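Fold and geometry: a report
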Amino acid sequence: MPDRDHCLALDAADPLRAFRDEFVLPEGVVYLVGNSLGALPRRTAERVRRTVEDEWGKKLVGGWNASGWYAQPLTVGDRIAPLIGVGPGQVVAGNTTSIAIFQALAAALKLRPDRRVIVSDADNFPTDHYIVQGLAGLLGEYEVRDLAERRFDDAAVVLLSEVDYRTGARQDVAAVTAEAHAAGALIIWDLCHSAGVMEVDVSAADFAVGCTYKYLNAGPGAPAYLYVNPRHHETAENVLSGWFGHAEPFAFETDFRPAEGIRRFAVSTPHVVSFAALDAALDIWERVPMAQVRAKSKALTSLFVELVGDALELVSPADPEARGSQVSYRHPDGYPVMRALIDHGVHGDFRAPDILRFGFAPLYTSYTDVHDAAATVLEVLGKELWRDEKYARRLAVT
Ligand SMILES: *Cc1c(COP(=O)(O)O)cnc(C)c1O
């Protein structure tokens, strides 16, 4: 069993160790929730200050041209593209993941007008289900089929996550994309739990969406992104046809005329201050070797699984290759157990009904953190510290 000294040696030899200093991490806390809200990069506060004071404060409305605000959805989209294995001019940033799912789904259904089936995974993130239900309800006559049936032959579109938000189980993007295409279906990948912790490649897919506030560390409420394969740029429709997707927004025409290329998927005025925080986070990603991130991610999750042992029931795949960068366990009293862990300095989160999640962000999580977190898990369970009634009261965000 690796002891603390062994973990200190692993940290000393970690090629990514210098990145930890680029983040603000509170003392005395092991933060294993980077899969929900990534840590704050040190450079972000200054970048946001500059946008607010120097750009907004001094240039006022001139900032739209002079500070590049108007172009942000595309310039920042181009900076996200390498993280998901696609090229420039293929990603638009802005809005939220839920909105991007709506856009991709609606576009896909319009591209397959002769088909009336949407394939979704029962294990998809709830917002993915809700958007499917809302759109299917609006359009009528659509069947929503579960992935478990594994039948794509009459499907218009397949909507899946590369990494399951609850269990951390990973799908084979290349294989499932090929399977969908062979059946004549389009495919949309939700990358919320894979971008930033592994080498993602959705270049063969039709659409992909993701958020930037999780592993990408762009901050609460940060803009999402939407990838559209260039083969659909001239034919796919953006049904959220807001003025930023118009060919000439400042011609102020009455009728919508889509822009060329990916810009037709922009919707409206970008969230400029949030974009500043996203852009600052991307300065870090530009320097990150993703193969090393994935190698460390697998090592961190494996170490945690080994140290926690059978003190908890593992829900994530045991094979590190088959999971993302999180480890999930099941416990009937998962909520008070997680509250007790947080009270003892180990921050994970709880997902109803009984899942404890621990996310490992390789840029700022050390092997020693993993050691200490596992020791706390064993102590909180071993001494049944979670039974204290103060841990039973539910907070609004779990
Ligand atoms: C976090 C997450 C979302 C979040 O959607 P928002 O619109 O940003 O709230 C969507 N899908 C998955 C898989 C997620 O993990």
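Being a predicted model, the structure only gives us computed values, none of them experimental.

A cluster of nonpolar side chains, contributed by Trp56, Leu60 and Val61, occupies part of the molecular surface with about 370 Å² of accessible area. Relative to the assigned elements, Trp56 resides in helix H2 (residues 42-59). On the basis of relative accessibility, which here comes to 53%, the residue Trp56 falls in the exposed class.

Let us look at the pairing of strand S8 (residues 186-190). With respect to burial, S8 is a largely interior element, five of its five residues being buried. By the alternation rule, side chains of S8 split into Leu186, Ile188 and Asp190 and Ile187 and Trp189, which are all buried. Bridge count between strand S7 (residues 157-161) and S8: five bridges; the pairing is parallel. Opposite Leu160, over in S8, you have Trp189 as the bridge partner. What joins S7 to S8 is helix H7 (residues 173-182), and the crossover it makes is right-handed. Note that S8 and strand S9 (residues 207-210) share three bridges and pair parallel. Residue Trp189 lies in a different strand from S9, and its bridge partner there is Ala208.

Take the sheet that holds strand S15 (residues 355-359) next. Taken in spatial order, the four strands make up an open sheet running S11-S12-S15-S14, and their pairing is antiparallel. Because the sheet does not close on itself, it has two edges, and the strands there are strand S11 (313-314) and strand S14 (349-351). Where S11 and strand S12 (residues 326-330) come together, two bridges link them in antiparallel fashion. By the bridge assignment, Glu313 is partnered in S12 with Arg330. Those strands touched by helix H10 (residues 334-343) are S14 and S15, and its axis lies near 35 degrees from that of S15.

Taken together, Thr96, Thr97, Ser98, Phe125, Thr127, Asp128, Ser161, Asp190, Cys192, His193, Tyr213 and Lys214 make up the full set of residues adjacent to the ligand. In this structure, a nitrogen atom belonging to the ligand sits 2.8 Å away from a side-chain N or O atom of Asp190. For the ligand, an oxygen atom lies 2.7 Å from a polar atom in the side chain of Tyr213. Contact with the protein chains removes 87% of the 390 Å² of surface that the ligand exposes when unbound. Residue classes in the shell around the ligand are distributed as three nonpolar, six polar and three charged.

Let us look at the sheet that holds S7. Taking strand neighbours across the sheet as the criterion, the seven strands line up as S4-S10-S9-S8-S7-S5-S6 in an open arrangement whose pairing is mixed. Either end of the sheet is taken by a strand with one partner, and the two such strands are strand S4 (91-93) and strand S6 (143-146). Across this sheet, the average inter-strand angle for adjacent strands is 20 degrees, counted without regard to direction. Both S4 and strand S10 (residues 225-228) contribute to a ladder of three bridges, which runs antiparallel. Across the sheet, Ala93 pairs through a bridge with Tyr225, a residue of S10. Across the face of the sheet, helix H4 (residues 72-80) comes into contact with S4 and S10 while running at roughly 120 degrees to S4.

This brings us to the packing of aromatic side chains. Scanning the entire structure with this criterion turns up 14 aromatic pairs. Ring centres of Tyr70 and Phe244 lie 5.4 Å apart, and the angle between their planes is 55 degrees; on these two criteria the pair is classed as tilted. Placement of Tyr70 in the loop between helix H3 (63-66) and H4 and of Phe244 in the loop between S10 and helix H8 (272-285) is noted, with a sequence separation of 174 residues between them. Considering the side-chain rings of Tyr335 and Phe350, the 5.4 Å spacing of their centres and the 80 degrees angle between planes classify their relative orientation as edge-to-face. Of the two residues, Tyr335 sits in helix H10 while Phe350 sits in strand S14, which places them 15 residues apart along the sequence. Under the relative-accessibility criterion, Tyr335 is labelled buried at 3%. The class for Phe350 is buried, based on a relative accessible area of 2%. Three or more aromatic residues link up through ring pairs in this structure, and these residues are Tyr70, Trp243, Phe244, Phe250 and Phe252. Just above the ring of Phe125 sits the side chain of Lys214; from NZ or CZ to the centre is 5.2 Å. The ring of Tyr335 has Arg394 sitting right over it, with the charged end atom 4.6 Å from the ring centre.

Quick look at the domain arrangement of the protein chain now. Under the domain assignment used here, the protein chain contains domain 1 (4-31 + 289-392) and domain 2 (46-285). The C-alpha-based centres of domain 1 and domain 2 are spaced at 30 Å. At the junction of the two partners, domain 1 supplies 28 residues and domain 2 supplies 18 residues. Between domain 1 and domain 2, the buried area comes to about 1,800 Å², and carbon and sulfur atoms account for 61% of it. Ranking the residues of domain 1 by area buried against domain 2 places Met290, Arg294 and Gln326 at the top, with a combined share of 27%. For Arg170, the salt bridge identified is with Glu321, shortest N-O distance 3.7 Å. One can count nine residue pairs in polar contact (both at pLDDT 80 or more) joining domain 1 with domain 2. Among the elements that line the side of domain 1 that touches domain 2, the one with the most residues is helix H9 (residues 290-308), at five residues. Here the residues of the side of domain 1 that touches domain 2 are counted per class, giving 15 nonpolar, seven polar and six charged.

So, how was this worked out
Residue positions are counted from 1 within each chain, in the order its sequence is given. Totals for whole chains, interfaces and linings use all residues, but because this is a predicted model, local features are given only for residues with pLDDT of at least 70 and pairs of side-chain atoms are given and counted only at 80 or more. As a convention, hydrogens and water are excluded, and side-chain values are obtained from all of the structure's heavy atoms. Residues enter patches when they are more than 30% accessible in relative terms and free of salt bridges; like-charged ones are connected within 9 Å and nonpolar ones (Val, Leu, Ile, Met, Phe, Trp, Tyr) within 5 Å. Using a 1.4 Å probe, accessible areas were evaluated by the Shrake-Rupley method; residue-level cover was limited to the displayed protein chains. Each reported salt bridge corresponds to a side-chain nitrogen of Lys or Arg within 4 Å of a carboxyl oxygen of Asp or Glu. Helix numbering and strand numbering both begin at the N terminus, where a helix is a DSSP run of H or I of at least 4 residues and a strand a DSSP run of E of at least 2. A 1.4 Å probe rolled over the protein chains alone gives each residue an accessible area, and that area as a share of the maximum for its type sets the label: buried under 20%, exposed over 50%, partly exposed in between. A pair of strands is labelled paired if DSSP reports no fewer than 2 bridges between them. With its strands directed away from the observer, a crossover is right-handed exactly when the path from the first strand over the helix to the second travels clockwise. Between two residues, a contact is recorded if the distance between any of their heavy atoms is within 4.5 Å. In this analysis an axis means a line fitted to C-alpha atoms, helices contributing only their contacting stretch, and an angle means the value between N-to-C directions, from 0 to 180 degrees. Residue proximity to a molecule or strand is established when one non-hydrogen atom of the residue lies within 4 Å of it. In protein, a polar contact requires one atom able to donate a hydrogen and another able to accept it; more generally it is a pair of N or O atoms within 3.5 Å, and residues adjacent in sequence count only if both atoms are side-chain atoms. In this count, Pro and Cys sit with the nonpolar residues alongside Ala, Val, Leu, Ile, Met, Phe, Trp and Tyr, while Asp, Glu, Lys and Arg are called charged and the others, Gly among them, polar. Stacked, tilted and edge-to-face are the three classes applied to pairs of Phe, Tyr and Trp rings, where Trp contributes its six-membered ring and a pair requires centres within 6.5 Å; stacked means planes under 30 degrees apart, edge-to-face means over 60, and tilted covers the rest. To sit over a ring, a charge needs its Lys NZ or Arg CZ within 6 Å of the ring centre and within 35 degrees of the ring normal. Domain start and end points were adopted from an automatic or database domain assignment. Values labelled buried area give the accessible surface lost by two parts on being combined, using a 1.4 Å probe and summing over both.

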